[in-house]
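Given next are the chains, with one letter for each unit.
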Amino acid sequence: MQFLNDYSNRELNIWAELVLDLIVSIYFFPKLFLLIISGDIHSNESIILITTTIFISIAYSIVVFTIINIFKESEKKDERDYIFELKSYKISNTIFQISILFLICWLFFTPLGNHYEFTPTLIAAFLIIITLFCSAVKSVSLLYFYRRSI
Amino acid sequence: MGKQKIKNQIRRLRFEASEMTQAELAEKAGVTRQTIIALEAQKYSPSLELAFRISKIFDVPLEEVFQYN
């Protein structure tokens, strides 16, 4: 409960986002790597894994964000919030662009004979990894900006 | 953010204005209490619009509230 008192509604929402990223990572990545190792990445199992991950994210968001907004009064956004959001979006967007560039380079420089490895499922999995990472970076940088200015 | 070049006298002016609370000032200025806390701690430089709003609330010239070092 002390944790709830120490943080504002906005900061708690950011923490919840960060925990969501962690939960998804813990659930998604080990199973994804197992599928890659076993060579089943192109099977229906990987589609089921991605769908389940998205379902878990939606269910978690509904429950946790509702609880936070019930127990902690929400605040109206002001100029400081918008500045911090812009800064963190800028950082996460830069990382997203660099990651996508790396993915494109990897695709581009892979020898022609190996291109069959890049199935839509595998590319979707990589995009989820990149999105998760960028989301975590955004949350961490936002928390950093809020904590630093108090 | 680091060390701000813009200093302010908000805390002093609040106490001179019948010990106005941070929450009251935040409500009048249309910002959150966290923003007032950050301003008083000299860790946030407000926009020009917010600076004018705050000086209007205290009914003093802008340069009496904010100083540029």
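Just above, that's the structure.
The structure reproduced in this document is the subject of the present report. Not measured: the values here are computed from a predicted model. (Residues numbered from 1 in each chain as written. Chains lettered and ligands numbered in written order. Predicted model: local features only at pLDDT ≥ 70, side-chain atom pairs only at ≥ 80, totals over all residues. Heavy atoms only, no water.)

Now for the nonpolar core. In this structure, F28 and L32 of chain A are the most contacted members of the largest nonpolar core, which totals 19 residues. Looking at this core, the elements that each hand over two or more residues are helix 2 (9-38), helix 3 (44-71) and helix 5 (120-148) of chain A. Core analysis: the second largest hydrophobic core is formed by 18 residues, L13, Y44, L50 and F66 of chain B among them. (Core = buried A, V, L, I, M, F, W, Y, C linked by side-chain atoms within 4.5 Å. Buried < 20%, exposed > 50% of the residue type's maximum accessible area, 1.4 Å probe, protein only. Helix = DSSP H or I, 4+ residues; strand = E, 2+ residues; numbered from the N terminus.)

A few words on the pattern of salt bridges. Residues and elements named next belong to chain A. Here the structure, examined in full by the defined rule, presents 9 salt bridges over all chains. We note a salt bridge from K138 to E17, for which the minimum N-O separation is 3.3 Å. Here K138 is found in helix 5, whereas its partner E17 is found in helix 2, with 121 residues between them in sequence. Three or more residues joined by partner-sharing salt bridges are found here, namely R10, E75 and D81. (Salt bridge = Lys/Arg side-chain N within 4 Å of Asp/Glu carboxyl O.)

All names here are of chain B. Backbone geometry places Q42, a non-glycine residue, at a positive phi of 60 degrees. By the secondary structure assignment, Q42 is in the loop between helix 3 (33-40) and helix 4 (48-58). Phi is positive for D59, close to 60 degrees, though the residue is something other than glycine. With respect to the helices and strands, the residue D59 is situated in the loop between helix 4 and helix 5 (62-65).

In this section: the interface of chain A and chain B. Taken together, the contact pairs 13 residues of chain A with 13 residues of chain B. In total, chain A and chain B occlude about 1,100 Å² of area from one another, counting both sides; carbon and sulfur atoms represent 53% of this. For the pair chain A and chain B, the number of links is 0 salt bridges. No other element matches helix 4 (residues 79-109) of chain A, which puts 6 residues into the side of chain A that touches chain B. Of the residues belonging to the side of chain A that touches chain B, the class tally is 3 nonpolar, 2 polar and 8 charged. (Contact = heavy atoms within 4.5 Å. Buried area = accessible area lost by both parts, 1.4 Å probe. Nonpolar A, V, L, I, M, F, W, Y, C, P; charged D, E, K, R; others polar.)

All names here are of chain B. Interaxial distance between helix 2 (residues 22-29) and helix 4 falls to 10 Å at its minimum, and their mutual angle equals 120 degrees. Compared by their axis directions, helix 2 and helix 4 come out oblique. Like other packed secondary-structure pairs, helix 2 and helix 4 cross with a definite hand, here right-handed. Packed against helix 2, whose contacting residues are L25, K28 and A29, the element helix 4 presents L50, R53, I54, I57 and F58 at the interface. (Axes fitted to C-alpha atoms, helices over the stretch in contact; angles between N-to-C directions. Parallel < 35°, antiparallel > 145°, perpendicular 65-115°, else oblique. Left-handed = near helix turned anticlockwise from the far one by under 90°.)

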